[in-house]
Amino acid sequence: MSAHKIIIAIDGFSSCGKSTLAKELAQRLEYNYIDSGAMYRAITLYFLRNFIDFSDHDKVLEALANINLLFVFNEETQTSDIHLNDEDVEPYIRDMIVSEKVSEVAAIREVRSFAVAQQKRMGRKKGIVMDGRDIGTAVFPDAELKIFMTADPEVRVVRRYKEMYATNPHITIEEVRHNLELRDYIDSTREESPLHQAADAILLDNSVLTREEQLETVLEWVKDRATNPHPQGSAVH
Ligand code: CDP
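Residues numbered from 1 in each chain as written. Predicted model: local features only at pLDDT ≥ 70, side-chain atom pairs only at ≥ 80, totals over all residues. Heavy atoms only, no water.

What to know about the confidence of the model for the protein chain
What counts here: The predictor attaches a confidence to each residue, and that confidence, scored 0 to 100, is pLDDT. Any two residues whose heavy atoms approach within 4.5 Å are treated as being in contact.
Considering every residue of the protein chain, the mean pLDDT works out to 93; 95% of them sit at 70 or more. Confidence drops under pLDDT 50 across residues 232-237; counting only partners more than four residues distant or on other chains, this segment forms 14 contacts.

Description of the site of the ligand
Worth spelling out the cut-off: Residues are classed as near a molecule or strand on a simple rule: at least one heavy atom within 4 Å of it. Any N or O atom pair separated by 3.5 Å or less is treated as a polar contact, with the protein-specific requirement of one donor-capable and one acceptor-capable atom, and with residues adjacent in sequence counted only for side-chain atom pairs. Each accessible area value is a Shrake-Rupley result obtained with a 1.4 Å probe; residue values ignore everything except the protein chains displayed when judging cover. In this description a helix means any DSSP run of H or I spanning at least four residues, a strand means any run of E spanning at least two, and both kinds are numbered starting from the N terminus.
Around the ligand lies a shell of 19 residues, among which Arg41, Arg112, Asp134, Asp187 and Arg190 are the nearest. Note that an oxygen atom of the ligand is positioned 2.9 Å from one of the side-chain N or O atoms of Ser103. Contacts to the ligand include Arg183, whose side-chain N or O atom sits 2.8 Å from an oxygen atom. Considering the ligand on its own, with 530 Å² of exposed area, one finds that the protein chains cover 96% of that surface. Residue assignment for the shell around the ligand shows that the elements contributing at least two residues are helix 2 (36-49), helix 5 (96-106) and helix 9 (173-189). Top contributing element to the shell around the ligand by residue count: helix 2, with four residues.

Looking at unusual backbone geometry
The following threshold applies: In this scheme, a residue with accessible area under 20% of its type's maximum is buried, one over 50% is exposed, and one in between is partly exposed, where area comes from a 1.4 Å probe on protein chains only.
At Glu30, a residue that is not glycine, the phi angle is positive and equals roughly 60 degrees. Structurally, the position occupied by Glu30 is in the loop between helix 1 (18-29) and strand 2 (32-35). At Gln78, a position not held by glycine, the phi torsion is positive, near 60 degrees. Its place among the elements puts Gln78 in the loop between strand 3 (69-74) and strand 4 (79-84). On the basis of relative accessibility, which here comes to 40%, the residue Gln78 falls in the partly exposed class.

Here is the structure:
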């Protein structure tokens, strides 16, 4: 692989495998992987734990001033864990109680400015894979490779249900379906940086692709962009 490091921005709907692809890419390319959703989830966890009224902008700003987020590399999992004020909160941020509120919190302008400023700084040295909802449109509009992921809604529900069932056997498939539909709706219709495919992003539908096929396809795109950066708006086939 070329030594020329690029920025890879991956956006898409909830639970369509963005983080799986992003982690595998980062490992193969020796890039940093940043799960931007973990930042919104950690902020939501802080708001819930501290009973912050999200509708009060002053209270939101006051709370954000007390939040320090840091990604810390975990040797065991070979990926970064998010720390909220020096506490590793990875075990809590994917609980349903956080998932139920995260899209509401992520729609708040002050919350987005807070997270996006940190995300932009993380990309200064390139060599980064970041996944989320607005990475190719707002965080890194000049990213060399932008991917917009999608998958059949029912495939996504079943994938997330299996993941959540492993830690919470009381969860029902209906709860999971409702949460994914609600988050996709809020994320795509909010005023601040709504989820949409950037004009120069490549669409990747992984409903019927294996993890290996998906990874090999995207590594080809990376090779192409890293050796021959295309002007914005051009397509890669
Ligand atoms: O893992 P999943 O795709 O279900 O979600 P996530 O990446 O953990 O993101 C959780 C939520 O954070 C999303 O539903 C969005 O509301 C918000 N988010 C966002 O607004 N912008 C991002 N760049 C990443 C996540």
